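For reference, the chains in residue letters:
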Amino acid sequence: MRFSDGRPVGVRLNGHWRQVRRVLDLWRETGRWWEGEKEKQFLRVEAGGVHVIYRALEQSGVKGAAGAAQPGPSAPRSEHWFLLGSED
Amino acid sequence: MFAHLHVHSPFSFCDGAGLERELVARAAEAGLPALALTDHDGLSGAVRWHRLCRAAGIKPILGAEATMEDGSHLTLLARDRRGYANLCGLLTQAHLEHERREPRVTIPSLARWAEGLICLSGCRRGRVRALVRRGAGDQAEEYARRLLGLFGREGFFIELQHDLYPGDRGDLGRLAELAEALGVGVVATNNVHYATRNQFFVQDVLTCIREHLGIEEPHAARPINAERWLKGVGEMQAVFARRPEALDNTLRVADQCEDYEIGGAEYVPRYPVPVGTSAPELLRRLALQGARRRYGSVPEDLRRRLNHELAVIEQMGFVDYFLIVWDVVEFARREGIRYAGRGSCADSVVAYALGITNVDAYRRRLRFERFINPSRLNTLPDIDVDFDSRRRDDVGEYVVGR
């Protein structure tokens, strides 16, 4: 992923960079917290098709202190993002 | 700045996961000027909320999340004391006219009790939002116009709740368009269920208990993330960066709400005393008659004890409360319904003389101050009376009838 001013601008899929035209949706899921699974952040983006990508957040959603993990488009970006799926 | 207008406490049973004091403390820490309480279909936490907010220097806003006939939710806030009284009336009607634990508010009842209330269109379970999500924009607008007609332009707002669920972004865009079409404001809420993120799992476990689920069982009612905490201004600004007016409008709503008084002994119903007498006179007469019946005569030290208790009861404003309880136990006695007053009220000779308890506090030299202590101002005494469970409904019906 590439970001500019906290907004995703590029996503590399199958080795090719694609420009992110729009962020259609974003959400978070804590998953199976009782098994220690980390919270995930999801983005649904329009980038030469519609793709849902996600990453595990460093801090588990249920163990962080108040305000520890900032939500929204300005969330800390880094690490590895994964493709969950692409829409036709 | 910003104010949370949609907050659940543990009085949203098996749902609200943050204690009231934790929620208020967190709001104070975040520097919020006002804080609403919107438990499901009830105002049980209102008095405590009011006190806690006042003590923390936060304006309390009292409200509820009402369940409508179709099961959808609607957020209601009391603008003033009249609104608070109307909200009590509305919710009482919702409980009385529907199945136990299934209170329902109807549009006609909303119309009856709308004065003094501010209405937010509701969470993701609100009808407006659900219709918008289903693509039924026309129906959503029609329903919203009905609410607008009931509450007026300053009393109706489209609620934008962005707790980072899938689809929130699209929903909020369509809701904002609807608000513009209606010419009403939008307000940002976070459907707060706990004070800090790390309390999320408590809400999830409570939901599992409510829905009879094992922790590993998926269910639509279970929260999918830990976002319903009492966020501060910065966190809310991050989520509502595209719609700052929704944050500003929370203050517009908070400003409309007055900081009025609730609770205390003044809300005890007045006992209907016979013409020509007063409630304190009646209580005194009943207590002396009862003492003569219990003891045969009233020696000086017993009279002093009765006078002391009666003076404290009158000074604290609890005379009507005693008369009401006396009236209820008299009904039980007349009807042959077994009952027993228990707990700290057994420390009162007046309660013994009135027949509320059968413990002789005078001969046992029990301390009245264990029951009512003048240093605890405005704390209504708790008179516990158990009735024979087979006839308890008869007592309830009598009380409602009175």
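These figures come from a predicted structure and were not determined experimentally.

Rules and cut-offs
Residues numbered from 1 in each chain as written. Chains lettered and ligands numbered in written order. Predicted model: local features only at pLDDT ≥ 70, side-chain atom pairs only at ≥ 80, totals over all residues. Heavy atoms only, no water. Domains from an automatic or database assignment. Helix = DSSP H or I, 4+ residues; strand = E, 2+ residues; numbered from the N terminus. Contact = heavy atoms within 4.5 Å. 1 Å grid on protein atoms, 1.4 Å probe; cavity = no way out; pocket = protein on both sides within 12 Å on 5 of 7 lines; lining within 4 Å. Points joined across faces, edges and corners; volume = space filled by probe spheres on them. Nonpolar A, V, L, I, M, F, W, Y, C, P; charged D, E, K, R; others polar. Salt bridge = Lys/Arg side-chain N within 4 Å of Asp/Glu carboxyl O. Buried < 20%, exposed > 50% of the residue type's maximum accessible area, 1.4 Å probe, protein only. Axes fitted to C-alpha atoms, helices over the stretch in contact; angles between N-to-C directions. Parallel < 35°, antiparallel > 145°, perpendicular 65-115°, else oblique. Left-handed = near helix turned anticlockwise from the far one by under 90°. Pairing = 2+ DSSP bridges. pLDDT = per-residue confidence, 0-100. Arc of directions from axis to C-beta.

Attention now moves to the domain arrangement of chain B. Each assigned domain of chain B is listed with its residue range as follows: domain 1 (20-256) and domain 2 (266-401). For domain 1 of chain B and domain 2 of chain B, the distance between their C-alpha centres works out to 42 Å.

Assignment of secondary structure puts H51 of chain A in strand 6 (residues 50-56). Ignoring anything within four residues of it in the chain, the contact list for H51 of chain A reads L13, R18, L43, R44, V45, L83, G85 and S86 of chain A.

This paragraph deals with the layout of surface pockets. Residues and elements named next belong to chain B. The volume enclosed by the largest pocket comes to roughly 990 Å³. Along the walls of the largest pocket sit 37 residues, with D15, H40, H73, R125 and R210 positioned nearest its centre. Breaking the lining of the largest pocket down by element, the ones donating at least two residues are strand 2 (59-67) and helix 8 (200-210). Counting residues per element, the lining of the largest pocket draws most heavily on helix 8, which supplies 3 residues. Considered class by class, the residues forming the lining of the largest pocket number 10 nonpolar, 14 polar and 13 charged.

What follows deals with the pattern of salt bridges. All names here are of chain B. Enumeration over the complete set of coordinates arrives at 39 salt bridges over all chains. Notably, a salt bridge pairs E20 with R48, separated by 3.1 Å at the nearest N-O pair. Separated by 28 residues along the polypeptide, E20 in helix 1 (residues 20-29) and R48 in helix 2 (residues 46-56) bring together distant segments of the chain. Relative accessible area serves as the criterion here: at 5%, E20 is assigned to the buried category. Here D168 ties to R129 by a salt bridge, and the two come within 2.6 Å at their closest N and O atoms. Here D168, found in helix 7 (residues 168-182), pairs with R129, found in helix 5 (residues 127-133); they are 39 residues apart in sequence, far enough to count as distant. Its relative accessible area of 2% is what places R129 among the buried residues. Counted as one network, the salt bridges with shared partners bring together R124, R129, R133, D163, D168, D171, R174 and R228.

Quick look at the packing of helix 1 of chain B against helix 2 of chain B now. Residues and elements named next belong to chain B. At a closest axis distance of 10 Å, the pairing of helix 1 and helix 2 adopts a crossing angle of 30°. Here helix 1 is positioned roughly parallel relative to helix 2, judged by the angle of their axes. Considering only the axes of helix 1 and helix 2, their crossing is right-handed. On the side of helix 1, the interface is formed by E20, R21, L23, V24 and A28, while helix 2 contributes R48, W49, L52, C53 and A56.

Here we come to the sheet that holds strand 4 (residues 22-29) of chain A. Residue and element names in this part refer to chain A. Read from one edge to the other, the open sheet built from 4 strands follows the order 4-5-6-7, with strand pairing classed as antiparallel. Among the strands making up the open sheet, the edge pair consists of strand 4 and strand 7 (82-87). Across the sheet, the mean angle from the axis of one strand to that of its neighbour is 20°, orientation sign disregarded.

Not every positive phi belongs to a glycine, and N14 of chain A is a case in point at roughly 50°. Note that N14 of chain A resides in the loop between strand 2 (7-13) and strand 3 (16-19).

What follows covers the pairing of strand 5 (residues 40-46) of chain A. Residue and element names in this part refer to chain A. Two elements, strand 4 and strand 5, share 7 bridges in a ladder whose sense is antiparallel. Directly across from V23, in strand 5, lies its bridge partner V45. Sheet topology note: the strand 5/strand 6 ladder contains 7 bridges and is antiparallel. Each bridged residue has a counterpart across the sheet, and for F42 the counterpart in strand 6 is Y54. Counting the residues between successive antiparallel strands, the hairpin from strand 5 to strand 6 contains 3 residues, one of them, G48, with a positive phi of roughly 60°.

When pLDDT is averaged along chain B, the result is 95; 98% of the residues meet or exceed 70. Overall fold confidence for the complex sits at a pTM of 0.77, while the interface term, ipTM, reaches 0.82.

Residues and elements named next belong to chain B. Here D255 shows up in helix 10 (residues 244-256). Given the relative accessible area of 64%, D255 is considered exposed. Residues D255 and A34, spaced 221 residues apart in sequence, show a C-alpha to C-alpha distance of 8.9 Å.

Residues and elements named next belong to chain B. Listed in full, the buried residues belonging to helix 2 are A46, W49, H50 and C53. One face of helix 2 carries all of its buried residues, which in axial projection span an arc of 100°. The exposed set on the far side of helix 2, more than 90 degrees from its buried face, consists of R51 and A55. For helix 2, the elements touching its buried residues are helix 1, strand 1 (34-40), strand 2 and helix 3 (81-96). Two residues or fewer after helix 2 comes G57, characterised by a positive phi angle close to 75°.

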